[in-house]
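What follows is the residue order along each chain.
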Amino acid sequence: MTGRPLLHLLLALAILLAVSSCGKKAPPFLPEKGFDAKVSSLKAESREGRIALEGKIAAPPRDAENLRGSRVYFAQYLPDDAPCDGCPIDYQGYHSFGPEVIKDGKFLCTIEAIDPGQVYFFRVNLVGPKEVLGPSSNEVKVAVE
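Rules behind the numbers
- Residues numbered from 1 in each chain as written.
- Predicted model: local features only at pLDDT ≥ 70, side-chain atom pairs only at ≥ 80, totals over all residues.
- Heavy atoms only, no water.
- Core = buried A, V, L, I, M, F, W, Y, C linked by side-chain atoms within 4.5 Å.
- Buried < 20%, exposed > 50% of the residue type's maximum accessible area, 1.4 Å probe, protein only.
- Helix = DSSP H or I, 4+ residues; strand = E, 2+ residues; numbered from the N terminus.
- Contact = heavy atoms within 4.5 Å.
- Salt bridge = Lys/Arg side-chain N within 4 Å of Asp/Glu carboxyl O.

Caption draft 1: Molecular detail of the nonpolar core. Counting residues in each nonpolar core, the largest one holds 23 residues, and the members touching the most others are Ile51, Leu53, Val72, Phe107, Ile111, Phe122 and Leu126. When residues of this core are assigned to their parent elements, the largest contribution, four residues, is made by strand 7 (residues 118-127). In contact with Val72, other than residues within four places in its own chain, are Leu53, Gly93, Tyr94, His95, Phe97, Phe107, Cys109, Ile111, Phe122, Arg123 and Val124. Residues Tyr73, Tyr91, Val119 and Phe121 belong to the second largest nonpolar core, which totals seven residues.

Next comes the structure, spelled out in structure tokens:
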């Protein structure tokens, strides 16, 4: 008779463990590989009413051969309203570019139609297969005179 309380306790623990188990109830699949290509060392320069963006492509070999283009996110502010260094930036839109901005391990593009007297912020995400975005580049700031 002394074994029954122990049996009940073990049975209760087994039921508790079975009910409280977690996990996704779906067929097992390998996770899709991420897209890790990015632009590093991004720089911006204001030239004759345009902004030139330049950086290096950092990508594993499997991603380097699958680059489809880029998205260049931008934010535009008046000089007095520009965020401080390290403050979050509210990007207002992006320009899409195809593979023409990626060549020989470098990223190079020009942004047209900019307003003088403004401060611009940019960051770049490379685009891979199925429009998957890679990690963001560093942010750059440029004042347009």
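Caption draft 2: Highlighting the pattern of salt bridges. One pass over the structure, following the stated rule, counts four salt bridges. A salt bridge links Asp36 to Arg62; the shortest N-O distance between them is 3.5 Å. Here Asp36 is found in the loop between helix 1 (3-20) and strand 1 (38-47), whereas its partner Arg62 is found in helix 2 (residues 61-64), with 26 residues between them in sequence. Residue class for Asp36 comes out partly exposed when judged on its relative accessible area of 40%. Ionic pairing is found between Arg47 and Glu45, a salt bridge with its closest N-O pair at 3.3 Å. Note on Arg47: relative accessible area 41%, which makes it partly exposed. Among the ionic contacts, a cluster of salt bridges with common partners joins Asp36, Arg62 and Asp63.

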